[in-house]
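Analysis of the macromolecular model
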Amino acid sequence: MVHFVGAGPGAADLLTVRGMRLLARAGCVIYAGSLVNPALLAYAPAGCTVYNSAEMTLEQVLQAIRDAEAAGVDTVRLHTGDPCLYGAIQEQMDALDALGIPWDDTPGVSSFCAAAAALGAEYTLPGVSQSLIITRMAGRTPVPAGEDLTALASHGCSMVLFLSAGLLDEVQARLLQGAYTPDTPAAIVYKASWPQQKLLRCTLGTLARTAAEAGVRSTALVLVGDFLAQGGYQRSKLYDPAFTTGFREGKA
Ligand code: SAH
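As a matter of local geometry, the ligand sits amid 18 residues, with Leu85, Ser110, Ser111, Ala192 and Ala220 nearest to it. Between a nitrogen atom of the ligand and a main-chain N or O atom of Thr80, the distance comes to 2.9 Å. Residue Lys191 places a main-chain N or O atom 3.4 Å away from a nitrogen atom belonging to the ligand. In a pocket analysis with a 2 Å cut-off to the grid points, the ligand is assigned to the largest pocket.

Time to look at the packing of helix 6 (residues 168–176) against helix 7 (residues 207–214). In the contact formed by helix 6 and helix 7, the axes pass within 8 Å of each other and the chain directions differ by 160°. As summarised for this structure, helix 6 and helix 7 are arranged roughly antiparallel, according to the angle between their axes. Seen from above, helix 6 lies across helix 7 with right-handed handedness. Taken together, the residues of helix 7 that come into contact with helix 6 (itself represented by Leu168, Asp169, Val171 and Gln172) are Leu207, Ala208 and Ala211. Classifying every residue of the contact of helix 6 with helix 7 by side-chain character gives five nonpolar, one polar and one charged.

Right, let's get into the domain arrangement of the protein. For the protein, the domain assignment lists domain 1 (2–106) and domain 2 (111–228). Of the roughly 810 Å² buried at the junction of domain 1 and domain 2 (both faces included), carbon and sulfur atoms supply 75%. Its largest share of buried area at the contact with domain 2, domain 1 owes to Pro9, Leu85 and Tyr86, together 63% of the area lost on that side. At the junction of domain 1 with domain 2, the criterion picks out zero salt bridges.

The rules we used
Think of each chain on its own: its residues are numbered from 1, step by step along the sequence as written. Local features in a predicted model are, by the rule used here, given only for residues with pLDDT of at least 70; side-chain atom pairs are given and counted only at 80 or more, and totals for whole chains, interfaces and linings are based on all residues. Only heavy atoms go into the side-chain values, all of them from the structure, while hydrogens and water stay out. Definition of nearness: a residue and a molecule or strand are near each other if at least one heavy atom of the residue lies within 4 Å of the molecule or strand. Two N or O atoms form a polar contact when they lie within 3.5 Å of each other; inside protein one atom must be a possible hydrogen donor and the other a possible acceptor, and for residues adjacent in sequence the pair counts only when both atoms belong to side chains. Lining residues are those with an atom within 4 Å of a point, where the points come from a 1 Å grid over the protein atoms alone and group into cavities, where a 1.4 Å probe fits but cannot get out, or pockets, open sets with protein on both sides within 12 Å along at least five of seven lines. Grid points define the cavity or pocket, and a molecule sits in it when more than half of its atoms lie within 2 Å of them. Axes here mean lines fitted to C-alpha atoms, for a helix over just the part in contact, with angles spanning 0 to 180 degrees between N-to-C directions. Comment: elements are numbered from the N terminus, with helices defined as DSSP H or I runs of at least four residues and strands as E runs of at least two. Convention used here: angles under 35 degrees read as roughly parallel, angles over 145 as roughly antiparallel, angles from 65 to 115 as roughly perpendicular, and any remaining angle as oblique. Crossings are classed by handedness, with left-handed meaning an anticlockwise turn of the near helix from the far one by less than a right angle and right-handed meaning a clockwise turn. Contacts between residues were defined by any pair of non-hydrogen atoms, one from each residue, lying within 4.5 Å. Classification convention: Asp, Glu, Lys, Arg as charged; Ala, Val, Leu, Ile, Met, Phe, Trp, Tyr, Cys, Pro as nonpolar; all other residues, Gly among them, as polar. Throughout the structure description, domain borders are defined by an automatic or database domain assignment. For any pair of parts, buried area is found by adding up, for both, the accessible area (1.4 Å probe) each one loses once the two are put together. In what follows, salt bridge is the name for a side-chain nitrogen of Lys or Arg lying within 4 Å of a carboxyl oxygen of Asp or Glu.

Written out as structure tokens, the structure is:
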């Protein structure tokens, strides 16, 4: 059996308890070595076969899994953050279904959550934004036409860009064609939760320059939106003394 496991954003103790238990029973571990912290491999038992998928094709990953199945051991497939975002897991799940190899999926802490935690930020502030757009700049992987960054920027809501830290001149220009302004708060979070973490707060107008001056070109997220302004939001209804909920009677 194959267990897809979200490795979390980097820090070894941001793996879930379930993920750690699955690793402890694995006979084979295939980890995305470009972004998964190798310290997580310490949770795997001695004698476990370890592969770094950064150097492998899908076909080679599947062959490693078949070898593990033939040896009668479970495989843990470790993906950075949560596997459901830019994880290339669908093609693996579909191939395993075709091969008749069972699998399951254990979520992890995505880097966009770790970035907000590092900044002390909430994406969904009442009166500011109640939506988060998770997207990327088109690179070698194209983005469908309807998801062009300028079109998405017309909403002016909270936004996180993955896989785009090397393309910030273009990100900045396209976002400025939408509802954001040069003064819209922005942040670049490099290696969230790793010891090398960098938090670069800036504005959309200074986004590309800020990253260039800090030498950040990869392994970073870009966060944009007024949720990063300190203030300007409304208090929640949920914890308002006058608001009645199913659990609490409000008092005027
Ligand atoms: N599934 C992952 C994303 C994989 S795509 C997740 O849920 O986080 C790889 C991209 O994720 C990187 O280019 C970078 O934009 C982002 N990323 C992954 N880990 C990161 C981290 N610790 N800090 C900042 N960005 C990270």
